[in-house]
Amino acid sequence: MNHFTSLLRPLPTPHLVRRGGALLSGAAALLAAALSAAPLMAQSPQASYPLLTDLNDATGAYGPLMLMGNTPPAPPANGVCVDGVYLFNGGQDARTPVISSLDTNDFQLEVEFQITAFGAGTRPILVGGNGWRWIGFLVQTNGTYGLLHNNALQEWSSTVLTTGTWYRGMIKYEAGMVELYLDGVKVHEAMIGPLNTGNNLNFTTNNFSNGTAHNGCIRNLLVSNDTTLGQTSGPLGVNYCGPGVPNSTGASGVISVAGSAAAVDNDLTLTAASLPNNAFGYFLTSRTQAFITGPGGSVGNLCLGGSIGRYVGQGQILNTGTNGGFSLVLDLTLTPQPTGFVSVAAGETWNYQCWHRDAVGGAATSNFTDATAVLFQ
């Protein structure tokens, strides 16, 4: 494994991602990579609120997001931020119009969010219905991530969020079955039965059932029909070797994979999330699994063995920016190995992991996410 110490060599500063023959940089590259990830796209978008520079529905089907309160939230600037104070106690709310075309028996709700501070008790992130509270994302005082349904019923994952980090949340619901995702990874599922919506099909940052409000920001809100729940178009791969050693955010980095497990499709996207902001990193791959503690002076664990390839070509060394993560679209015909490039073939299992810069007590170091294994067909 002597070759692995080269992971710690200085990284170049450009952050470029190649998509469709063009090079994108900075936030545009991160957004393009994120939009390419299959877990965040359902089959029939009904309303889409990017909230990057304006309040408009990108589909054009519905009116703009409404900013409410005696002192309303500031206009969008890479998201809309609310103060965590209940609207009727002098606080703020960000609310969509009623999305009347939503199929409440088969839908997908997605939003990127950031938490500024955890409040007392259970707080909303985004709730369906100001009058009925029929579905929504929740967070507890200790950061535990969960969901709300039918006014006051709750489901909780074992995943813990941290403040100041952008996450991608997703709820899939179909015929009584619900799945909760974070950054493309399913963290909880349950049979919750029918939803009592009262046809109150808007989405709000307040929970008008218990008088609490989201304290943080939201962006890239997408409401869709047809969840593809339980189908193979969702997240792929089997994660192992986790959770990773917590990084400087206090969270463990997570890797997820989306696209198609059919090698001939050449459609696979890797995503690393829950990483430090403004940190460089890149993805690794191998046919072999392992567990190596602190390789090359890293504080994390290497979960790959044998011949390890590094995605360090042009546009493949990435930066987390202010999102705490990044994505890379792979070319399966150009899979890096120490002796050159190989093509992924049906029947092979490939393992992936992300290495990234980190700091401990102000001293520079590195860390790893967990790893994932993909069996190609």
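Within any chain, residue numbers begin from 1 and follow the written order of that chain's sequence. Only residues with pLDDT of 70 or above have their local features reported here, since the model is predicted, and side-chain atom pairs are shown and tallied only from 80 upward, although totals for entire chains, interfaces and linings are computed over all residues. Only hydrogens and water are removed before side-chain values are computed, so all heavy atoms of the structure are retained for them.

## A word on the pattern of salt bridges
Threshold: Counted as salt bridges are all cases of a side-chain nitrogen of Lys or Arg within 4 Å of a carboxyl oxygen of Asp or Glu. In this description a helix means any DSSP run of H or I spanning at least four residues, a strand means any run of E spanning at least two, and both kinds are numbered starting from the N terminus. Buried means the residue's accessible area, taken with a 1.4 Å probe over protein chains only, is under 20% of the maximum for its type, while exposed means over 50%, and partly exposed covers the values in between.
Within the structure shown, the criterion is met by 5 salt bridges. A salt bridge links arginine 219 to glutamate 112; the nearest nitrogen and oxygen atoms lie 2.6 Å apart. Within this pair, whereas arginine 219 is found in strand E18 (residues 215-225), its partner glutamate 112 is found in strand E7 (residues 106-115), the two being separated by 107 residues in sequence. Pair check on accessibility: arginine 219 and glutamate 112 agree, each one buried. The salt bridge partner of arginine 287 is glutamate 348, with a shortest N-O separation of 3.9 Å.

## Concerning unusual backbone geometry
In this structure, proline 243 follows glycine 242 across a cis peptide bond, with omega equal to -5°. Within the element layout of this structure, proline 243 appears in the loop between strand E19 (238-240) and strand E20 (254-259). With a phi close to 60°, asparagine 78 is a non-glycine residue in the positive phi region. Topologically, asparagine 78 is positioned in the loop between strand E4 (66-69) and strand E5 (80-83). For arginine 133, which is not glycine, the phi torsion reads 50° and is therefore positive. With respect to the helices and strands, arginine 133 occurs in the loop between strand E8 (123-128) and strand E9 (135-139). Relative accessible area serves as the criterion here: at 13%, arginine 133 is assigned to the buried category.

## Details of the confidence of the model for the chain
Selection criterion: pLDDT measures how confident the predictor is about each residue, on a scale from 0 to 100. Between two residues, a contact is recorded if the distance between any of their heavy atoms is within 4.5 Å.
For the chain, the average pLDDT comes to 85, and 86% of its residues sit at 70 or higher. Confidence over residues 1-42 falls short of pLDDT 50; this stretch has 107 contacts with residues more than four positions distant or in other chains.

## Some details on empty space enclosed by the protein
Our working rule: For each structure, a 1 Å grid was placed over the protein atoms alone; sets of points admitting a 1.4 Å probe that cannot get out are labelled cavities, open sets with protein on both sides within 12 Å along at least five of seven lines are labelled pockets, and lining residues have an atom within 4 Å of a point. Grid points are joined across faces, edges and corners, and a volume is the space filled by probe spheres set on the points. Each residue gets one label: Ala, Val, Leu, Ile, Met, Phe, Trp, Tyr, Cys and Pro are nonpolar, Asp, Glu, Lys and Arg are charged, and the others, such as Gly, are polar.
For the structure on display, the rule yields 1 cavity of 30 Å³ or more. If you add up the space inside the largest cavity, you get close to 30 Å³. In terms of lining residues, the largest cavity is bounded by Cys241, Pro243, Gly244, Val245, Asn301, Cys303, Gln353, Phe368, Thr369 and Asp370. For the lining of the largest cavity, the secondary structure elements donating two or more residues are strand E24 (301-305) and strand E31 (363-375). Ranked by residue count, the leading element in the lining of the largest cavity is E31, at 3 residues. Here the lining of the largest cavity is built from residues that sort into 5 nonpolar, 4 polar and 1 charged.

## Some points on the sheet that holds strand E27 (residues 326-330)
Consider a sheet: its strands pair through backbone hydrogen bonds, and that pairing is either parallel or antiparallel. Rules: Two strands qualify as a pair provided DSSP detects at least 2 bridges between them. In this description, a line fitted to the C-alpha atoms serves as the axis of each element, helices being fitted only across the stretch in contact, and the angle between N-to-C directions of two axes falls anywhere from 0 to 180 degrees.
Spatial ordering of the open sheet is given by E20-E21-E27, a layout of 3 strands whose pairing is antiparallel. The open sheet has two free edges, formed respectively by E20 and E27, since each of these has just one partner strand. On average, each strand axis in the sheet is inclined to that of its neighbour by 20°, with strand direction left out of account. Here strand E21 (residues 268-273) pairs with E27 via 5 bridges, running antiparallel. Bridge pairing in E27 links alanine 272 to phenylalanine 326.

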